[in-house]
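# Report on the structure
Listed below are the residues making up each chain.
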Amino acid sequence: MSAPLIEMRGITKSFGAVKANEAVDLAVAPGEILGLLGENGAGKTTLMNVLFGAYAPDAGEILVGGRPVAIHNSADALAAGIGMVHQHFHLAPRLTVLENLLIGIPGKSGRIDRAGGLARLKEIGRQHGLSLDPDLPVSALSVGEQQRLEIIKALFRGAKLLILDEPTAVLAPSEVDGLFAALRSMAAQGLGIIFISHKLNEVRALTHRCVVLRHGKVAGRVDHPAGTTSAEMAKLMCGHEIVPPAKGESTPGASVLTLDGISTSGHAGTTLREVSLFVRSGEILGIAGVSGNGQRALADVISGMLSPDTGTMTIAGKAVAQFSPRELQALGLGRIPEDRMTTGLVTNLPLADSMVLPRIGTEAFSRKGLLNPAAIRAFAEAQIKAYDIRCPGPMVRAGALSGGNLQKALLARELAFDPKVLIVSQPTRGLDIGAARFIHEKFMVMRGKGCGIIVISEDLEEMLMLSDRIAVMYEGRIAGTLFGADATVARLGLMMTGAEGRS
Amino acid sequence: MSAVFEQIFQVGFLAAIIRIATPLAFATLGEMFSERAGVLNLGIEGIMLLSAMAGFTAASLSGSLWLGVLVAVLVGALMGALHALFTVALGLSQHVCGIGVTLFCSGLAYFLYRLIFGQQSVPPSIKGFQPVPIPLLSDIPILGPAVFNQFTLVYLAIIAIPLAAFVLYRTPWGLSVRMVGENPRAADSAGVSVIATRFQAVILGGALMGLAGAFLTMAQFNAFTFGVVSGRGWVAIALVVFGRWDPWRSAGAALLFAFVDALQLRMQASGLGHIPYEAFLMLPFIFTIVAMAFMSRNAVAPSALLKPFRREER
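Residues numbered from 1 in each chain as written. Chains lettered and ligands numbered in written order. Predicted model: local features only at pLDDT ≥ 70, side-chain atom pairs only at ≥ 80, totals over all residues.

## Re the overall build of chain A
- Helices and strands together make up the secondary structure of chain A, namely 17 helices and 22 strands.
- Expressed along its principal axes, the backbone C-alpha trace of chain A runs to roughly 70 × 50 × 50 Å.
- Within chain A, the proportion of its 503 residues that are buried is 48%.
- Put simply, 68% of the contacts in chain A that link residues at least 6 apart link residues at least 24 apart. (Helix = DSSP H or I, 4+ residues; strand = E, 2+ residues; numbered from the N terminus. Buried ≥ 20, exposed ≤ 12 C-beta atoms within 10 Å, placed from the backbone. Contact = placed C-beta atoms within 7 Å.)

Have a look at this one:
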C-alpha cells in the first residue's frame, strides 16, 4: 500500500458524557475506496465532521500527506484537499449549477469568473465522466444529478479525498450503478474515497477495505470486503447476529383497500393517472419506483390528504365519500408518513401528545371536550414499554428522539388501534439494521393478524423481503405488478425505468 | 373630464414621478440586499427617519449638504450594523428586532431633533440640493427636463439600479449574498463566512436606507418633520416582494408606486375636489395591496429569509 493520503490517529470526541468517537485510527491511500460502516449513532458522521472541520476533536491528530494539519472549519478542510458530499445536499436550489460551483471562489478583476468556471467544469466532465448543464437551476435537477453536482463541487475545489455520507440512500438502483462507476473511475485516477454506508451489499461491491465502527470505537477492519459475507460484517456492526424476520404463511382474504381509476391534479410533484390497485387482508403490497413517480401523491390520496379528481376508493367495503385523514382513520386506516419530523409528529411537543394526535378528539383521550392527560400519558407509557422506545419518558420533546425510536413511536401509535389497512412510506429510511429489523417484524405480525399493508419504499431489498406482491409506479401510473416470488432487483429495476410493463 | 386629464398629465408630471421614486428606489434596493442575504430589516422606517434627521442636522450645522448625505449614510450603515448584531450575530427574531430598531431610531430622532433645534413654530429649513441639468441630454423634449434636470441624488439612484444588479449577479460577493440567503449551510461548507456576508449585506442595506432618508430632508422637503418618512420604509418592504427580490424589478416597482402617488397628488389638485383628499392619499397604498395580492403569489422569497444561522445545529 502506498503512503496514506490522509490519516486520522487516535481521534476522540465527546459530547457531554457521550463518547461519540474513541481512539479511532483510520487511513486512506490514494486510489483507495474505504468503506466506513456502522449503525446509526456509531459515530461515522461525527468522525467525518471532525475530518471536515465541523467539530474539533478532544484528542488525536489528522495527517495530510504525512504532515499533521489543524482543520478548524470547512475552508481548512478544502485547503487540505478534503471534499465532502453531505447526506443532505448543501446546494441553493434557486441558483444555477455554475453559481453553486463558484460560491466562495475568488473572481477575476472583481467579477465572477464564468469562463474559468466553465472550463473547469468541462475538464472535470472529461476526466471523470461527470457532466451537467451549467446554467440550469439546481431545482430543475433530479436528486441523482444534485448528488453529481455535489461531487463535481468537491472536485472543482481540488479535493484529493472525497467523503460521501450515505450517498446511495437517495438514489434509484440504476443511479447507484452510475455513481459507483464514477467513484471507481475517480479512484483509478488516484483520488481517495471514504464511502459511508450501512448497506452491506454496497460496501462489499464497491470498497477496497472497510472500517467498522460500533459505539464510537473501531469494532473491526475488513481487508477484503468482497470476500467477506454480509452476515460477518453485520455481526461486526451490531455485535450480534442478525436474522431476517420469518415470513410466515398467510392466506390473503378479501380486499381491504381498493383504488379504482384514481387521477389527481394540483399536487406538487407527479400526479396520478388512472391508478387502480387493491390490497387484501393479510397481504403486503409493495409500491416500488424511482422517487418522484407519483408515490407521494398515492400516499397522500390513500391517507386522505389529497382528494382525487376522478376515481373511487373503498376501505373494508365502504366507499370513501370524503377524503380527510380523520374520515379514513375512522374507516380503519393507519398511516406512517414518509417524513417523520414534519407530517409524522410535532417535534416541539411532548412525545405523548404526538402519540395521540390523530385521535385527540376521540373517547379514548378526551372527555366532554377536555383532554384527559392521565389517559394520554398512560397510553404513551404503555406503548413506550411495549415497543421498547428508548427515551427519558412520555413527556420528552418528540424531536429529541432518534429516527429509529420515532419510527417505533409512530408504528405504536397506529398499531395500537388495530387498523384494517396500513399505509407506510419509506418505513426504514435512515434506520439502522436493528431498528429496521424490529419494524419489519411488526409488519409480519400485522400481516399474520389480517391487516392489509401497503409499503412504499425505494429500498428494493426491503421490498423483496416484505412483499407478497409488488406494484411498480412509473410516471404516475402503475407500470405493472409482480408476485413477490417472481420479482428480482433486475426485473424491478427495468420496470422502474418504464422499460417493461406487466400485470 | 379631459380637462382633468390635461391638468394631471402636464409637463412636470414625469419629473414628479422620478422625484417620488428616488427615495423609494434607494430604500427598496437597501431592503433587497438585506433580504437577499436572509435578513428581513423591519428597522427600515426608523433608519430612514434617523438618517433623515441626522443628515439634515449635519447639513444645517455645517452648511455642507454633501457632509449631510455622508452623515445620513453612516448613520444608516450603523443602524444596519445594530440590526445585524441582533439578528445575525445573536440570531434573535428578525421581526421583533426590526420593529425594535424602528422604535429606537424614531425615538432617538425625535429626541435629538428637539434637543438640537428646540420647539419652533416653523420648522427650520435649509437650502437643499438644486437640480443639475445634464448638458445635451436635458434638451431632449419632455424626457430631458423630467429625467436629466434633476438632483444629483436622483442620478445616483439611476446609477444605483444597474450597479446593484451587477454587484448581486456578477460579483463573487453578490453570489455569496444570494447563497447565504438561500442555503447558508452550502455557503459555509464552501468556506464562505455566513455571518460576515450577512453583516455586510445588512450594513450596505442600511447605508442605502440612509441615502433615502437624506434625499427626503435635503432634496425633497429641505426640512425635517416627524412625518417626513410617513410609511415609505414600510412601502419599500412591500416593493421588494413586488419586485421579487430583483434590483430591476424592485426599481420598477418603486417607479410604478411613484406613478400612482404622483397621480393622486395631481388628482387632489384637480377638479375632483368634491371627493375628500384622504381618498386620494389612499390610492398608492391600495394599489400596493392589490399589486401584492396578485404578484406575491408567484414570488418566492429567499429560502433562508428569517432563519438565523448557527453552525453547530445539524
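## With respect to the domain arrangement of chain A
All names here are of chain A.
- Along its sequence, chain A is organised into domain 1 (6-238), domain 2 (245-332 + 419-503) and domain 3 (346-411).
- The centre of domain 1, based on its C-alpha atoms, is set 34 Å off from the matching centre of domain 2.
- Across the contact, 11 residues belong to domain 1 and 14 residues belong to domain 2.
- Looking at the side of domain 1 that touches domain 2, the elements that each hand over two or more residues are α6 (173-188) and α8 (230-238).
- Top contributing element to the side of domain 1 that touches domain 2 by residue count: α8, with three residues.
- Class assignment for the residues of the side of domain 1 that touches domain 2 results in seven nonpolar, three polar and one charged. (Domains from an automatic or database assignment. Nonpolar A, V, L, I, M, F, W, Y, C, P; charged D, E, K, R; others polar.)

## Overview of the environment of T488 of chain A
- With respect to the secondary-structure elements, T488 of chain A resides in the loop between β22 (477-483) and α17 (489-496).
- For the pair T488 of chain A and L464 of chain A, spaced 24 residues apart in sequence, the C-alpha to C-alpha distance is 7.4 Å.

## Some details on the sheet that holds strand β15 (residues 318-319) of chain A
Residues and elements named next belong to chain A.
- Taken together, the four strands give an open sheet; going across it, the order is β12-β11-β14-β15, and neighbouring strands pair in antiparallel fashion. The sheet is open, and its two edges are formed by β12 (275-280) and β15, each paired on a single side.
- As defined by bridge partners, strand β14 (residues 310-315) adjoins β15 across two bridges and the pair is classed as antiparallel. Looking at the pairing, I315 lines up with K318 of β15. (Pairing = 2+ DSSP bridges.)

## Overview of the interface of chain A and chain B
- Contacts between the two partners involve 18 residues from chain A and, on the opposite side, 17 residues from chain B.
- When residues of the side of chain A that touches chain B are traced back to their parent elements, those giving at least two are α2 (74-79) and α3 (97-102) of chain A.
- Ranked by residue count, the leading element in the side of chain A that touches chain B is α2 of chain A, at three residues.
- Considering only residue class, the side of chain A that touches chain B consists of 10 nonpolar, five polar and three charged.

## Quick look at helix α3 (residues 44-62) of chain B
- Its 19 residues give α3 of chain B an end-to-end C-alpha distance of 26 Å, which sits within 8% of 27 Å, the value for a rise of 1.5 Å per residue.
- Among the 19 residues that make up α3 of chain B, 17 are buried, leaving the element largely enclosed by the rest of the structure. (Expected span 1.5 Å × (residues − 1).)

## Looking at the packing of α3 of chain B against helix α5 (residues 94-117) of chain B
Residue and element names in this part refer to chain B.
- Direction vectors running N to C along α3 and α5 enclose 20 degrees, while the axes themselves pass 7 Å from each other. Viewed along their axes, α3 and α5 adopt a mutual orientation that is roughly parallel. Handedness of the crossing formed by α3 with α5: left-handed. The segment α3 lies against α5, with E45, G46, I47, L49, L50, M53 and T57 engaging V101, T102, L103, F104, C105, S106, L108, A109, L112, Y113 and I116.
- Counted by class, the contact of α3 with α5 contains 13 nonpolar, four polar and one charged residues. (Axes fitted to C-alpha atoms, helices over the stretch in contact; angles between N-to-C directions. Parallel < 35°, antiparallel > 145°, perpendicular 65-115°, else oblique. Left-handed = near helix turned anticlockwise from the far one by under 90°.)

## A short note on the pairing of strand β4 (residues 59-64) of chain A
Residues and elements named next belong to chain A.
- By the bridge criterion, five bridges tie strand β1 (residues 6-15) to β4 in an arrangement that is antiparallel. By the bridge assignment, E7 is partnered in β4 with L63.
- Strand direction decides the pairing type here: β4 and strand β5 (residues 67-69), joined by three bridges, are antiparallel. Across the sheet, the residue bridging to L63 is P68, located in β5.
- With antiparallel pairing between neighbouring strands as the criterion, β4 and β5 make up a hairpin whose turn holds two residues, including G65 at a positive phi of roughly 55 degrees.

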